[in-house]
Amino acid sequence: MSFIDWDVWQWLAVFQHELLLFAGVFFLIGALDDLAVDAAWLWLKITGRAKTPHVQRRELQNRKLHGRAAIFVPAWQEEDVIKQTIAHLLSAWPQEDLRLYVGIYRNDPATLEAAMSGARGDPRLRLVIHDRQGPSTKADCLNRLHDAMCADERRSGKQFACVIFHDAEDMVDPAGLGLLDHAIAGGADFAQLPVEPLPQTGRDWLSSHYCEEFAEAHGKGMVVRSAIGAALPAAGVGCAIGRAALDKLCANHADGSPFERESLTEDYELGLSIAESGGTCEFVRARGEDDLLIATRAYFPSRLDHIVRQKTRWVHGIALQGWDRTGWTGGIVESWMRARDRRGPLTALVLVLGYTLLVLTLIISAAVSLGVAQPTPLSPGLIALLTVNLGFFIWRVVWRFAFTARNYGIAEGVFAVLRIPVTNVVAIMAGRRAVAAYMRTIFGSAIEWDKTPHSRHPAHLPGDSVPARNGI
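Criteria and thresholds
Residues numbered from 1 in each chain as written. Predicted model: local features only at pLDDT ≥ 70, side-chain atom pairs only at ≥ 80, totals over all residues. Heavy atoms only, no water. 1 Å grid on protein atoms, 1.4 Å probe; cavity = no way out; pocket = protein on both sides within 12 Å on 5 of 7 lines; lining within 4 Å. Points joined across faces, edges and corners; volume = space filled by probe spheres on them. Helix = DSSP H or I, 4+ residues; strand = E, 2+ residues; numbered from the N terminus. Nonpolar A, V, L, I, M, F, W, Y, C, P; charged D, E, K, R; others polar. Buried < 20%, exposed > 50% of the residue type's maximum accessible area, 1.4 Å probe, protein only. Contact = heavy atoms within 4.5 Å. Polar contact = N/O pair within 3.5 Å; in protein donor to acceptor, adjacent residues only side chain to side chain. Phe/Tyr/Trp six-rings, centres within 6.5 Å; stacked < 30°, edge-to-face > 60°. Lys NZ or Arg CZ within 6 Å of the ring centre and 35° of its normal. Pairing = 2+ DSSP bridges. Axes fitted to C-alpha atoms, helices over the stretch in contact; angles between N-to-C directions. Patch = residues over 30% accessible without salt bridge, like charges linked within 9 Å, V, L, I, M, F, W, Y side chains within 5 Å. Areas by Shrake-Rupley, 256 points an atom, 1.4 Å probe, with all protein chains shown as cover. Salt bridge = Lys/Arg side-chain N within 4 Å of Asp/Glu carboxyl O. Lys, Arg positive; Asp, Glu negative; His and termini not counted. Charge placed at Lys NZ, Arg CZ, Asp CG, Glu CD. Right-handed = clockwise from strand over helix to strand, strands pointing away.

Undergrad: Could you give an account of empty space enclosed by the protein, with specific residues and numbers?
TA: Going through the model one piece at a time under the given rule, you end up with 1 cavity of 30 Å³ or more. Of the volumes computed, that of the largest cavity is approximately 70 Å³. Around the largest cavity, the lining is made up of 13 residues, and of these K138, L142, F165, G236 and E266 lie nearest the centre. Elements with a minimum of two residues in the lining of the largest cavity: strand 1 (69-75), helix 5 (138-156) and helix 9 (266-276). Partitioning the lining of the largest cavity into residue classes produces 7 nonpolar, 2 polar and 4 charged.

Right under this line is the structure:
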C-alpha cells in the first residue's frame, strides 16, 4: 500500500514513531550527562573527598571575624518579610564587625517602614534609599548598596574584608557567617553555602518541589563542580566574595560597579566572573551538631504563577541571556557545566514531546482496542532505546528520593518522587515563558526586576505565629 493511501491512524503511528525516536535520543543524552555527574559524586564519596564535616554552631556563631563583613540585601516590595529577615539576621550574627546594608527604593515606603521596625535600634543596620524609582533590576540595587559601602569606607577609613549576599526573605543559619568568613580568610575569593528551601505546611505540592531540586543540586551538583575546578554559580544568597575579587569585578566595568545593571541573574554570573578572572571558588558544606545542614533557609513561592515567574527569570537569565553574556570560555569542563546550566529550554521541549507522546499513545491504544486501527510494532532499536531510558528514569527517581530524604525525611523523599510530574509541568511553562521574554528583549523590550512576591518568613519573632525550624 502506498503511503498516499494511509489512513489517519497509520499517519499517527508514523508520527508517534518519529517523536519517540527524537525524544528518546535527547532524553538519553541528558541522562548520560546526569550519569557523569552521579559517577563523579560517587567517586568523591568513595575517596572521602565529598565528606560533609560536622561543626559546632554556637562556636561559629560567636567566633570573631577575620575582617569586617558587609551584608547586602536588596529589597523591593518586601514589607511582609523584611522585618523578620533583619531582626533574625542581626540576632543570629552578633559580631560587631558586621554591617547590614538593605537597599530600598524611594517609592516603596511600606518596605522602609517594615525594615525600620525590624532594626530595633541596632547600629549595625544601614538602610540605603535608592535614588531611582523601583523596580529597576536586582543588579542595579546591589550596585547602589556597593556605592553606600564604599562611601562608609571613605568616611571611616576602614575597609570591609568581604561582602555577603542575601535576599529579603532569607533566614540565615547562626553558623553561616562564621563558615563564610573562614573560607574567605582561608584564601577563597568566592564562597557559597547550600540553600535549603523549607517545606510548607499542608504538604504544598507546588512550593515543596524546590526542596528536592536544591537538595540534589547543592548536595551533589555543586559538590562535583567544586571538586573538578569548575566555576561555581552563585545562588545569590548565602554567598561571600573577598574584597580583592570584588574590586577586580568593579575594575571590569566602566562605571566602577560590580554588576551589569541589565543582568537578570547577576548572582549566577558572579561566581563565573570570579573564576574567569583567576579567582578561587569554594562550596562550603557542613552540618551542625544536630546533623542539620548549615544553610540559608526560606519559604519559596507556593502559587503557580509566582513559581513560573521565578523560574522564567532563572531560565531566561542563565540559559538564554547567559549564553549571550558569558559565552563558553574556560575549557572542556567549564563548557560542560555551562551546557548543563543552559539546557532548560531544550529540557522543556523534550518534556513537551514526552507528554505529547503519552497522549498520542493513549489515543492510538484506544483506537486499537476498539478495532479501528492496527497495532504498529516498534523497531528493535527503538525498543532498546526506550528500555535504556526507562532504566535511567528509575535511576533518577532513586537519586531524587535519596537526596530529599537525607535532608527532609523519608516521607518528603516519597513525595519528591510523586511530585515529578508537577516539576515537569513547571519546567515546561517556565521554558516557554523564558523564550518569549528573551525574544521580546531582542526586539528592544526593557529588562526589569520581575521579582517573586514573598509573604511568609520562617524565623520566629515575638508576636509572630510562624516558628523557626529546629530553632535555626
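On we go.
Undergrad: Describe the environment of E153, with residues and values.
TA: Note on placement: E153 falls in helix 5. The class of E153 is buried, set by a relative accessible area of 9%. As for E153 and P53, which are separated by 100 residues in sequence, their C-alpha atoms are 36 Å apart. Leaving out residues up to four positions away in the same chain, E153 has contacts with K158, Q159, F160 and R243. Polar contacts involving the side chain of E153 include one to the main-chain amide nitrogen of F160, which spans 2.7 Å.

Undergrad: So what's going on with the packing of aromatic side chains? Residues and values would help.
TA: Tallying each qualifying case throughout the model produces 15 aromatic pairs. Ring geometry for W76 against Y105: centres 5.5 Å apart, planes inclined by 85°, an arrangement best described as edge-to-face. Taken as a pair, W76 in the loop between strand 1 and helix 3 (82-92) and Y105 in strand 2 (residues 98-105) lie far apart in primary sequence, 29 residues in all. Assigned by exposure class, W76 and Y105 land together as buried. Taking the centre distance of 6.4 Å and the plane angle of 80° together, the rings of F214 and W314 count as edge-to-face. Residue F214 is found in helix 7 (residues 209-228), and its partner W314 is found in helix 10 (residues 304-326); the two are separated by 100 residues along the sequence. A residue is classified by how much of its surface remains accessible, and W314, at 28% relative accessible area, is partly exposed. Taken together, the aromatic side chains of F72, Y101, F160, F165 and F259 make up a single cluster linked through ring pairs. Positioned above the aromatic ring of F160, the side-chain terminus of R68 is 4.1 Å from the ring centre. Positioned above the aromatic ring of Y210, the side-chain terminus of K311 is 5.1 Å from the ring centre.

Undergrad: If you had to explain the sheet that holds strand 1 to someone new, which residues and values would you point to?
TA: What the 7 strands build is an open sheet, ordered 3-2-1-4-7-5-8; its pairing is mixed. Edge positions in the open sheet fall to strand 3 (125-130) and strand 8 (281-283), since each of these has one partner strand only. If you compare each strand with its neighbour and ignore which way they point, the axes differ by 20° on average. Across 3 bridges, the pairing between strand 5 (residues 190-192) and strand 8 is parallel. If you follow Q192 over to strand 8, its bridge partner there is F283. Against the sheet, helix 3 engages strand 1, strand 2 and strand 3, with an angle of about 170° to strand 2. The strands that helix 8 (residues 243-251) touches are strand 4 (162-165) and strand 7 (239-242); relative to strand 7, the one it contacts most, it runs at about 80°.

Undergrad: Describe a negative patch on the surface, naming the residues involved and giving the relevant values.
TA: There is a patch of like negative charges on the surface, built from D131, D147, D255, E260 and E262. Residue position: D131 is located in the loop between strand 3 and helix 5.

Undergrad: A description of the pairing of strand 2 should follow, citing residues and the corresponding values.
TA: For strand 2, the buried fraction is high: 7 of the 8 residues fall into the buried class. Of the pairings in the sheet, the one linking strand 1 to strand 2 comprises 7 bridges and is parallel in character. Among the inter-strand pairings, I71 is bridged to a residue of strand 2, identified as L100. Each parallel crossover has a hand, and for strand 1 linked through helix 3 to strand 2 it is right-handed. As paired strands, strand 2 and strand 3 are joined by 6 bridges and run parallel to one another. Within the sheet, the bridge partner assigned to L100 lies in strand 3 and is L125. The β-α-β motif built from strand 2, the intervening helix 4 (residues 109-119) and the parallel element strand 3 has right-handed crossover chirality.

Undergrad: An account of the pattern of salt bridges is requested, with residue identities and associated values reported.
TA: Going through the model one piece at a time under the given rule, you end up with 30 salt bridges. The salt bridge involving R225 is made with D341; its shortest N-O contact spans 2.9 Å. Highlighted residues: R225 in helix 7 and D341 in helix 11 (residues 331-341), separated in sequence by 116 residues. Taking the relative accessible area as the measure of exposure, R225 reaches 6% and is therefore buried. For D341, a relative accessible area of 22% puts it in the partly exposed group.

Undergrad: Run through a nonpolar patch on the surface, naming residues and quoting values.
TA: On the surface, L21, F22, V25, F26, I29, L346 and L349 cluster together into a nonpolar patch covering about 560 Å² of accessible area. Counting only elements with at least two residues in the nonpolar patch, the list comes to helix 1 (8-46) and helix 12 (344-369). Considering the arrangement of structural elements, one finds L21 in helix 1. On the basis of relative accessible area, L21 is assigned to the partly exposed category, the value being 38%.

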